[in-house]
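These are the residues of each chain, in order.
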Amino acid sequence: MNAQKPVLVIIEDEPQIARFVSMTAESAGMQTWHATTARQGLVEAGTRQPDLLILDLGLPDGDGLDLIREIRAFSEVPILVLSARSQETDKVAALDAGADDYLTKPFGVNELLARLRVLLRRHAKDSPGDGQVTLGDVEINLVARTVSKAGDAVHLTPIEYRLLATMIRHAGKVITHRQLLLEVWGPAYVEHSHYLRIYMGHLRQKLEDEPAQPRHLLTESGVGYRLLLQHN
Amino acid sequence: MTDTRPDPDQLLAELKADEADAHRGRLKVFFGANAGVGKTWAMLAQAHTRQRDGVDVLVGLVETHSREETAAMLGGLTVLPRKEIHYRDKALAEFDLDAALARKPQLILVDELAHSNVAGSRHPKRWQDIEELLAAGIDVYTTVNVQHLESLNDVVGGITGVRVRETVPDHVFDSADDITLVDLPPDELLKRLQEGKVYLPGNIARAKESFFRKGNLIALRELAMRRAAERVDAELRRDQPAGSKPGETLLAAIAPGPAGETLVRHTARLAGRLKVDWRAVTVETPALLRSKYKLASARRNLELAESLGARTALLPGPHVAQVLAEYALDHDLGTVVIGKPPRRFNIVESQAARVARLAPSLTVQIVGVSAAPAERLDPWAMIGQRWQGAVWALLGCGMTTILAARLTQIFDLANVIMLYLLSVLLVSVRFGRVAGALSSLLSVAAFDFFFVPPRMSFTVADTQYLLTFGIMLTVALTLSQLSARLRFQAQIASRRERRTAALYELSEALSGALMKEQVVEIALAQLAPRFKTDLGLALPDLGEHLHQEGGMALDLAVADWVYRHGEEAGQGTGTLAAAHAFYLPLTAPMRVRGVLALVPKGDWLADREEKRFLQTCAAQIGLALERVHFVEVAQNALVSMEGERLRNHLLSAISHDLRTPITVLLGLASTLSESPYAAPPAREIAQQLVGEIRRMNDLVNNLLDMARLQAGEVRLRRDWQAVEEVVGSSLRALELRLARHPVELDIPADLPLVEFDAVLMERVLVNLIDNAIKYTPAGTPVIIAARALPQTLQMTVADTGPGIPPGQEETIFNKFTRGQNESATTGVGLGLALCRAIVTAHGGTITAGNRPEGGALFTVTLPRHTPPAMPEPEHLLPDIAP
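For clarity, every value in this text was computed on a predicted model and none was experimentally measured. (Residues numbered from 1 in each chain as written. Chains lettered and ligands numbered in written order. Predicted model: local features only at pLDDT ≥ 70, side-chain atom pairs only at ≥ 80, totals over all residues. Heavy atoms only, no water.)

1. Observations regarding the overall build of chain B
In terms of helices and strands, chain B carries 28 helices and 25 strands. In chain B, buried positions account for 45% of the 882 residues. In chain B, the proportion of contacts linking residues at least 24 apart, taken out of those at least 6 apart, comes to 68%. With the model as given, the accessible surface of chain B reaches about 45200 Å², and the carbon-plus-sulfur share is 57%. (Helix = DSSP H or I, 4+ residues; strand = E, 2+ residues; numbered from the N terminus. Buried < 20%, exposed > 50% of the residue type's maximum accessible area, 1.4 Å probe, protein only. Contact = heavy atoms within 4.5 Å. Areas by Shrake-Rupley, 256 points an atom, 1.4 Å probe, with all protein chains shown as cover.)

Right, dumping it as structure tokens:
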């Protein structure tokens, strides 16, 4: 039984926050280990074979970014970053360094659980094989490369489609501007973030009921975008 | 609508006003060939025209000389009362410079540029008063006659036989912005003279008959016209780079006396005509150094040259021609101008020929000058002056004779001669040329009298001794000359050496100073013993007011003038000469750093080298003060940087310390509210707790954001953003609270991208929408709209609530202000203040008002810039049948 429990390593210097996170994770059926420093965290990450790692970016003994890079050198474990608001630059840097998602402090138990689920599921293995994705009343067939909304065919341009497909590939978790530009347009375009704004606008116009109040193609201000498969 | 940004038009206007303040006044000179041509009248006529044009004209001083025509012209103009100056029991009315500066008209009329002020005035010359008026930004009209121009003074004197004393340096005339030549044909002038309409100053009145000959008048008229034409020519060439090309500069070799003066004026005119720079040098030969009279005269000539626009130097060296040639070659000066007095016999090579021989590449121009008047040589007076030398010459000769008398029994007469030569050498080395010459003569006489047979008689038996005497005298004189010259040179060298050493010591001592007080202390300690006189220093404070910093008491009024003008003043100068000390500015590369004053002793001020040495010392002190100043500036910058770092550190510490408990609280409360084990009432309480904690978190966020913005820590991360997107993310952040308020959106799909910081702009919208929720009853809509205007993008957030109380549209943006003071609505009024801070940082505006149909309306206006290049439009994907 124990062997099947997903293993979570929390690297957090504030014991109260660590306790709340452990409590939530354990209530969701996980086994948790706690580290209070980056150094200790690296040891835990290396020895516990974790299925998920939660890392506070504000660790006292060092740069969380370095820790992410070091872990990424030997492990593909999903990493969830905890950070304060107004640290958008740090979040983006952490995500670009290899973190998978972030959670802004303070956060409620539901937000934390939602993130944990997304990351664990993604890790369990990627997407269903039938290539059929549903976003509310929007149906996307990745095999046939067709998109329909409420039964009507929606016509996308090649880039719009590529953007949507990329978002689906990272569904549930945040994807930074830089990652999107890199994957959709290529390395020469990583500074052209206004391209993203234009095309994301087009996609929302075509797929969302209310483009200014999107339910699926969400904006994470200052960081990037997140595709929400089912709205809760 | 208030805008905290400065209005660009207003800025521009202020800038222009500043420029006008800093602007120097314009000088217009009414220039005439002679008294009586109507300069003053022309000046007044033009002043009337300007006054009609609305210019504020003030008559500073106009001499009507009780001529009715001129007096009538004064009507309608404001005349400045003259200042009474008491001089030798006489009350004299002078131009009141201070009153004119205080009154600060746009244009002031000051007659007779060449006038000399009464002793006790600030400046000895009126043109200096005018310089100060111009520097204060006041335009000046003035008049001058051709004979008052310094460079033409001697020429006019030569034509008319009358030399005027009052002269104006040519640079004053040449730097005038405008010259108006007032001309009257000689016949008409003579007619006016006969009618008594011409006022003649002092010595010209006495020489009226000779001065006002028609021939003279024609010559003067031609001179004036030519001078004015040269000015016009110079103006035409003003666009050309100033100064002369290398190799074009003239070098005038200035001798002492009237010959040198003639050469100075000649070269000044020549340089003016050729439009090249010129330098005047005097070679400081031992002969020159020996004569105080000649040295003083040479210095006067150099000062004249300086006033005529030359760069001057006093060059030490034994041979005039050699020094001149070397100086000309070293400084790449193409032409040497040398004066040549008439000589009856041209046996010795002239200076000019020698220069030409030493430096064949130079052009040598020879100017005929009058012979230097022979210095009154009174040998007895000279011996009297140097009685010590004379006594020693006698003693030396006597002792040599006694010694030689003893030795002739053993030695040959030839060796006796050697003994005499030795005594001549010693005397001349110790006591100089005159004593040496005396010693030479005495030696020959003594040798003849005591040793040449027949002894005890000046008669000579063997005529071949005459040759011996001749050679002995020649050798002795040459020896005395050479050794005396050696002595002079050694003296000069040691004086220079001492100066160099003193300067070195000063700069070494100053280099260690780290504070202003140290600089002052070192400067006074080093300079006082060197100049053996009283010194004082005054330095400015932060408010630019001078304060005495050490040494003797200063006249701060004089010091202040020196500080503001960056020029020397006080005793021995042209400004405020009545002061008891000599004041000079401590000029550093960036600006004047203070004022040094010292009481000159004897004729110290006449010694150019000493003065230059003092100026160098002052520059050193200025430099040290400037360095100390910048050290201070750097330290202050470091301190403020340290402060900023500390502030940022504190902010992030507070941020961390506040957020951690909130995070824990929210986590625990939300756990409880979701817990299946908790009783339903407990879960409800936990849910309320969650809401309250989120609100507290919003407040903390606003507080911290405000603190960051005010600490200047926030750097805008501007990016091209879609309004729709930021509205969307704001609405999502408020999702829970918006549950009971419908949102009405009016955002066109084709809005252009706008450059802003998305995170901060989201804060603005979140605060505005949250405000709308807080102050309106449930069920009423929140209306969000956006519009692209030609230059700006406008976003509005409106509600249908009670609206903003009238008169509070502006105050609600202040910190800790709320719309309804006694309302139960939660939240401290920091949100709107934060909104304004963020929008202002973006160069935009935010205003509050009420909609006509009721409800509050907040308008955010952001500047639109040219958006970046957009991606190419694409074709749609082909329709693939499912």
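Having seen the model, we can carry on.
2. Some points on the sheet that holds strand 12 (residues 224-227) of chain A
With respect to topology, three strands assemble into an open sheet ordered 10-12-11 (chain A), the strand pairing being antiparallel. Where the open sheet ends on each side, the last strands, each with one partner, are strand 10 (174-176) and strand 11 (217-220) of chain A. Strand-to-strand twist across the sheet, computed as the mean angle between neighbouring axes with direction ignored, equals 30°. Relative to strand 12 of chain A, strand 10 of chain A runs antiparallel, the two sharing three bridges. Within strand 12 of chain A, the position partnered with A:Val174 by the bridge is A:Arg226. Most of the contacts of helix 7 (residues 177-184) of chain A go to strand 10 of chain A, to which it runs at about 75°, and overall it touches strand 10 and strand 12 of chain A. Of the strands in this sheet, strand 11 and strand 12 of chain A touch helix 26 (residues 723-733) of chain B, which is tilted by about 85° from strand 11 of chain A. (Pairing = 2+ DSSP bridges. Axes fitted to C-alpha atoms, helices over the stretch in contact; angles between N-to-C directions.)

3. Structural notes on the side chain of B:Asn301
All names here are of chain B. Looking at the element boundaries, Asn301 is found in helix 14 (residues 292-307). With a relative accessible area of 6%, Asn301 lands in the buried category. In contact with Asn301, not counting residues within four places along its chain, are Ile254, Ala255, Pro256, Gly257, Gly260, Glu261 and Val264.

4. Focus: the UniProt feature "transmembrane region" (unreviewed entry) in chain B
Per the UniProt annotation, the sites labelled "transmembrane region" (unreviewed entry) are residues 434-453 and 465-488 of chain B. What you have in residues 465-488 of chain B is 100% helix and 0% strand, and the ends, taken at the C-alpha atoms, are 34 Å apart. (UniProt positions renumbered as here; feature names shortened; annotations may be inferred.)

5. With respect to the nonpolar core
Residue and element names in this part refer to chain B. If you look at the biggest cluster of nonpolar residues, it comprises 60 residues, and the most contacted ones within it are Phe31, Phe95, Ile108, Leu109, Leu133, Val140 and Val144. Of the residues forming this core, the biggest block, five residues, is contributed by helix 11 (residues 214-236). With residues near it in sequence (within four places) discarded, Leu133 still touches Phe95, Leu97, Ala100, Leu101, Ile108, Val110, Ile138 and Val140. The next biggest cluster of nonpolar side chains, apart from the first, holds 44 residues, and it includes Met706, Leu738, Ile804 and Phe858. (Core = buried A, V, L, I, M, F, W, Y, C linked by side-chain atoms within 4.5 Å.)

6. Side note on the pattern of salt bridges
Applying the stated criterion across every chain yields a total of 42 salt bridges over all chains. Here A:Lys149 makes a salt bridge to A:Asp137, at a shortest N to O gap of 3.3 Å. Residue A:Lys149 is found in strand 8 (residues 146-149), and its partner A:Asp137 is found in the loop between strand 6 (132-135) and strand 7 (138-141); the two are separated by twelve residues along the sequence. A salt bridge links B:Asp560 to B:Arg564; the nearest nitrogen and oxygen atoms lie 3.1 Å apart. With B:Asp560 and B:Arg564 both in helix 23 (residues 556-565), this residue pair falls four residues apart, about one helical turn. Assessed through its relative accessible area of 24%, B:Asp560 is described here as partly exposed. Residue classification places B:Arg564 among the partly exposed residues on the basis of a relative accessible area of 45%. (Salt bridge = Lys/Arg side-chain N within 4 Å of Asp/Glu carboxyl O.)

7. Points about the pairing of strand 7 (residues 139-145) of chain B
All names here are of chain B. Counted residue by residue, strand 7 has seven buried out of seven residues, so it is predominantly covered. Across the two faces of strand 7 the burial is the same, with Asp139, Tyr141, Thr143 and Asn145 and Val140, Thr142 and Val144 all buried. Pairing analysis gives six bridges linking strand 1 (residues 27-32) to strand 7, with the strands arranged parallel. Residue pairing in the sheet places Val29 in a bridge with Thr142 of strand 7. Where strand 6 (residues 107-110) lies against strand 7, four bridges are found, and the strand directions are parallel. Each bridged residue has a counterpart across the sheet, and for Ile108 the counterpart in strand 7 is Val140.

8. Section: the packing of helix 20 (residues 433-451) of chain B against helix 21 (residues 464-511) of chain B
Residue and element names in this part refer to chain B. Two numbers describe how helix 20 lies on helix 21: the axes approach to 9 Å, and their chain directions differ by 160°. By the angle between their directions, the pair helix 20 and helix 21 is classed as roughly antiparallel. Helix 21 is crossed by helix 20, and the crossing has right-handed handedness. On helix 21, the residues touching Arg433, Gly436, Ala437, Ser440, Leu441, Ser443, Val444, Phe447 and Asp448 of helix 20 are Thr468, Phe469, Met472, Leu473, Ala476, Leu477, Ser480, Gln481 and Ala484. Here the residues of the contact of helix 20 with helix 21 sort into ten nonpolar, six polar and two charged. (Parallel < 35°, antiparallel > 145°, perpendicular 65-115°, else oblique. Left-handed = near helix turned anticlockwise from the far one by under 90°. Nonpolar A, V, L, I, M, F, W, Y, C, P; charged D, E, K, R; others polar.)

9. Comments concerning the interface of chain B and chain A
At the junction of the two partners, chain B supplies 50 residues and chain A supplies 52 residues. Buried surface at the junction of chain B and chain A, both sides included, amounts to about 4200 Å², of which 57% is carbon and sulfur. Secondary structure elements with two or more residues in the side of chain B that touches chain A: helix 24 (608-674), helix 25 (680-711), strand 19 (719-721), helix 26, strand 20 (743-746) and helix 27 (758-775) of chain B. At twelve residues, helix 24 of chain B tops the list of elements feeding residues into the side of chain B that touches chain A. Its residues assigned to classes, the side of chain B that touches chain A shows 22 nonpolar, twelve polar and 16 charged. (Buried area = accessible area lost by both parts, 1.4 Å probe.)

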